[in-house]
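Residues per chain are reported as follows:
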Protein chains: 2
Amino acid sequence: MSIDSSSPARWFVAAVLAFAALAAHAQPADPLPSWNAGTSKARIVAFVQAVTEPGGKDFVAPADRIAVFDNDGTLWSEQPMYFQLAFALDRVRALAPKRPEWKTKQPFKAAIEGDMKTLAAAGERGLLELVAASHAGLTTDEFAAVVKDWLATARHPKLERPYTELTFAPMVELLAYLRANGFQTWIVSGGGIEFMRVFAEQAYGVPPQQMIGSSLDLKYEVRNGKPVLVQQPKAAFIDDKAGKPVGIHKAIGKRPIAAFGNSDGDFQMLEWTTSAPGARLGVIVHHDDAEREYAYDRKSPFGKLDRGLDEAGPRGWTRVSMKNDWKQVYAPAR
Amino acid sequence: MSIDSSSPARWFVAAVLAFAALAAHAQPADPLPSWNAGTSKARIVAFVQAVTEPGGKDFVAPADRIAVFDNDGTLWSEQPMYFQLAFALDRVRALAPKRPEWKTKQPFKAAIEGDMKTLAAAGERGLLELVAASHAGLTTDEFAAVVKDWLATARHPKLERPYTELTFAPMVELLAYLRANGFQTWIVSGGGIEFMRVFAEQAYGVPPQQMIGSSLDLKYEVRNGKPVLVQQPKAAFIDDKAGKPVGIHKAIGKRPIAAFGNSDGDFQMLEWTTSAPGARLGVIVHHDDAEREYAYDRKSPFGKLDRGLDEAGPRGWTRVSMKNDWKQVYAPAR
């Protein structure tokens, strides 16, 4: 057979040969394109390959592939204050005209006046009081509507973008990558579950029944023949520190095989996850990127990372450097 | 063409014709063979068909097909007493030599002596005290091992079978039928979640993360470098009556579209489920079968059904008669 160099047949043969050459060297598409090549990415990918390789010594059945993620500081930003606290402050200000006693009562006075120093000094107890008072009295449906409205209009003070755009693109990618490998992804947040459920399914692809968080007491009432759940001004559960393994056990009933956090509030969750036998992955996101996000650790009032920074190495946890490991922090503005 | 009556070809044609005739009248296999034909079965099947018919007016997306089931009296028997209470009594007796003070202290004295009248008089508060004291002090892993041993050896006093064989075959079928139709099936029990998780996945095909129950406080401790969760003698959550919608909301974050119960402890769960707009299914299993199981309702100390019996009709809930609607109650002994 003779093929003229300009004939369609010749082009066809060349195309086939070129395709075959490409295929021989084909790389599978990078499942984590927002991550720079390096130790962190390599360890994450190696773990996923190890637990999903059929017949491999570290193989884990899909039903036991449970991965847990902290939210504030791990999946989205938490500076200059937890976003839910920004919501609570806005809500205290909105409610203030009807609550004149707040004008002279701390921490409400500080919240109304924007006195962050006094607020910080009020500590966790003060913040909890603020959250409880500003969230209580509403039914769960009413509360969700208020949060939804707030998220639609509020803007981050420094980055000037809606809070829901401040999720970390590399972590959203990671969630999807794990799910594509048969993992069940769970959020385990110190933040309130009612707040989180308003945005987290759309933001992270995690359904509401795979979210664990802090919560207020709920009271069941029948109003005009219709049942409602009313938020009470009393914490039912604080999903932080040693509360995280408790929350995980109560909700899931299985020990996770991978845990992702960023602060000492996640220490016990990481410890609980990685101290069981078998292949385990513990990851700490380190906020060392003052330029694109924030740089903080041992001394931050929000997301303090001290013990975790010291013990990550000895415990075999992976420290992710936002600055070096992430090609981008946020997805581009929509 | 002429076909000899004894030829293989003639047989082939006859077989094809017979098969075609059969196919024309073929019924799909009955997904609920343990259920007698009747109103209850028809309503359940009609509901499932309505919410799964693409484009139908009652169609519900698979992500929202949440079905919740009470356990005691709905998925397995609860007479002559809740099975977990039988476990607690056995455990109090086993621990008694190390707890001499129980000999003179109620309700422990009654538990040790098998004085059921005094036990019943101790009410819910007394039973809770008994459960807390007999369950506390163990880690969650230790407790699961104790329950597993007990379930392997204990026998029901009247039916003389292991408790795990006393699950209702028609309900196990129903769970599978719903899952085959894209439902997520959840257990919402007044019983303890740590007790339930030992047997319920194998018994019902429901994974541990789809179980909601009562629970004790858990304390996170690190013992010799290994973290454990230790059960405390204090109730953290009572998943009964108005607690059921609260437990459902906290764990699932969505309102179910189908609820199955048997007692007034399930009333609010049924109300919460069926009072939302759209096609909803509420089912009450009525224990009216003294011969094959037990017959009880308004006056039973366990599984009292009074208000639910009055209001099932007006509220459109389906009352399942164990006696008439179920071909069999339990699967045959293994």
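A count of helices and strands for chain A gives 13 helices and seven strands. On the principal axes, the C-alpha backbone points of chain A span a range of 95 × 50 × 50 Å. Taking all 334 residues of chain A together, the buried fraction comes to 50%. Carbon and sulfur atoms make up 57% of the accessible area of chain A, which amounts to about 15500 Å² in all. Averaging the positions of the 40 positive and the 38 negative side-chain charges in chain A gives two centres separated by 2 Å.

Moving on, we get to the nonpolar core. Nonpolar side chains tend to gather and get buried jointly when the protein is soluble and globular. Residue and element names in this part refer to chain B. Of all hydrophobic cores here, the largest spans 64 residues; its most connected members are M171, L174, Y204 and F260. With seven residues, helix α9 (residues 193–204) is the largest single contributor of residues to this core. Leave out the neighbours within four places in its chain, and M171 touches W35, F69, T74, L75, F260, V285 and W326.

This paragraph deals with the interface of chain B and chain A. With 34 residues of chain B at the interface, the matching set in chain A holds 34 residues. Summing both partners gives a buried area of about 2700 Å² for chain B against chain A, and 57% of it is carried by carbon and sulfur. Counting the contacts that link chain B with chain A gives zero salt bridges. The interface formed by chain B and chain A includes 20 residue pairs in polar contact (both at pLDDT 80 or more). Here the side of chain B that touches chain A is built from residues that sort into 18 nonpolar, eight polar and eight charged.

For the rest of this paragraph, the subject is the sheet that holds strand β5 (residues 258–261) of chain A. Taken in spatial order, the seven strands line up as β4-β3-β2-β1-β5-β6-β7 (chain A) in an open sheet, and their pairing is mixed. Each of the sheet's edge strands pairs with one partner strand only, and the pair in question is β4 (226–237) and β7 (318–321) of chain A. For this sheet, the mean angle separating the axes of adjacent strands, direction not counted, is 30°. Two strands pair when backbone bridges link them, and strand β6 (residues 281–286) of chain A and β7 of chain A are joined in this way by four bridges, in the parallel orientation. Across the sheet, H286 of chain A pairs through a bridge with S321 of chain A, a residue of β7 of chain A. With respect to the sheet, helix α10 (residues 243–252) of chain A is in contact with β1 (66–69), β2 (184–192), β3 (211–223) and β4 of chain A, its orientation differing from that of β2 of chain A by roughly 130°. Sheet contacts for helix α10 (residues 243–252) of chain B: β3 and β4 of chain A; angle to β3 of chain A, the most-contacted strand, approximately 145°.

Attention now moves to the pattern of salt bridges. According to the stated counting rule, one finds 38 salt bridges over all chains in the structure shown. A salt bridge links R298 of chain B to D310 of chain B; the nearest nitrogen and oxygen atoms lie 3.0 Å apart. Of this pair, R298 of chain B sits in the loop between β6 (281–286) and α12 (307–311) while D310 of chain B is found in helix α12, placing the two residues twelve residues apart along the sequence. A cluster of three or more residues bridged by salt bridges with shared partners is formed by E271, R307, E311 and R315 of chain A.

A few words now on unusual backbone geometry. Omega for the bond connecting Q79 of chain A with P80 of chain A falls within 30 degrees of zero, at 0°, which places this linkage in the cis form. For N224 of chain A, which is not glycine, the phi torsion reads 50° and is therefore positive. Positioned with a positive phi, E160 of chain B is a non-glycine residue whose angle comes to about 55°. Looking at the secondary structure, you find E160 of chain B in the loop between α7 (140–153) and α8 (169–180).

The next point concerns the packing of helix α2 (residues 39–52) of chain B against α8 of chain B. All names here are of chain B. Running from N to C, α2 and α8 point in directions that differ by 15°, and their axes come no closer than 11 Å. The angle between α2 and α8 places the two elements in the roughly parallel class. Of the two possible hands of crossing, α2 and α8 adopt the one that is right-handed. Here I44, V45 and V48 of α2 come into contact with α8, specifically with L174, Y177 and L178.

This part covers the relation of the copies chain B and chain A. In screw terms, the move from chain B to chain A is a rotation of 180° and a rise of 0.0 Å along the axis, fitting with an RMSD of 0.0 Å. Both copies are brought into coincidence by an operation consistent with a two-fold rotation axis. It is A251 of chain B whose C-alpha, among those of chain B, lies nearest the rotation axis, at 3.5 Å. Taken together, the interface assignments show that 100% of the residues at the interface of chain B recur at the interface of chain A, consistent with an identical surface on both copies.

Conventions and cut-offs
- For every chain, the first residue of the written sequence is number 1, and numbering continues from 1 onward in sequence order.
- A letter from A marks each chain and a number from 1 marks each ligand, given out in the order of writing.
- Note on the predicted model: pLDDT of at least 70 is required for a residue's local features to be given, and 80 or more for side-chain atom pairs to be given and counted; whole-chain, interface and lining totals, by contrast, use all residues.
- Excluded from the side-chain calculation are hydrogens and water; included are all heavy atoms of the structure.
- Helix and strand assignments follow DSSP, with helices taken as H or I runs no shorter than four residues and strands as E runs no shorter than two, numbered in order from the N terminus.
- When accessible area is computed with a 1.4 Å probe and restricted to protein chains, residues below 20% of their type maximum are described as buried, those above 50% as exposed, and intermediate ones as partly exposed.
- Note on areas: these come from Shrake-Rupley sampling with a 1.4 Å probe, and a residue is covered only by the protein chains present in the view.
- When charges are counted, Lys and Arg contribute as positive and Asp and Glu as negative, whereas His and the chain ends are disregarded.
- Charge positions come from single atoms, namely NZ of Lys, CZ of Arg, CG of Asp or CD of Glu.
- We call a set of buried residues a nonpolar core when its members are Ala, Val, Leu, Ile, Met, Phe, Trp, Tyr or Cys and they connect through side-chain atoms within 4.5 Å of each other.
- By definition, residues are in contact when any of their heavy atoms lie within 4.5 Å.
- By buried area we mean the combined loss of accessible area, with a 1.4 Å probe, across both parts when two parts are placed together.
- A carboxyl oxygen of Asp or Glu within 4 Å of a side-chain nitrogen of Lys or Arg is what we treat as a salt bridge.
- Residues adjacent in sequence count toward polar contacts only when both atoms are side-chain atoms; beyond that, a polar contact is any pair of N or O atoms within 3.5 Å, and within protein one must be able to donate a hydrogen and the other to accept it.
- Three categories are distinguished: nonpolar for Ala, Val, Leu, Ile, Met, Phe, Trp, Tyr, Cys and Pro, charged for Asp, Glu, Lys and Arg, and polar for the others, with Gly belonging to the last.
- At least two DSSP bridges between two strands are needed for those strands to be called paired.
- Each axis is a line fitted through C-alpha atoms, and for a helix only the stretch in contact is used; angles between axes span 0 to 180 degrees, taken between their N-to-C directions.
- Under this scheme an angle from 65 to 115 degrees is roughly perpendicular, one under 35 degrees roughly parallel, and one over 145 degrees roughly antiparallel; angles in between are oblique.
- By definition, turning the near helix anticlockwise from the far helix through less than a right angle yields a left-handed crossing, and turning it clockwise yields a right-handed one.
- When the copies are superposed, the least-squares fit draws on C-alpha atoms of residues that have pLDDT of at least 70 in both.

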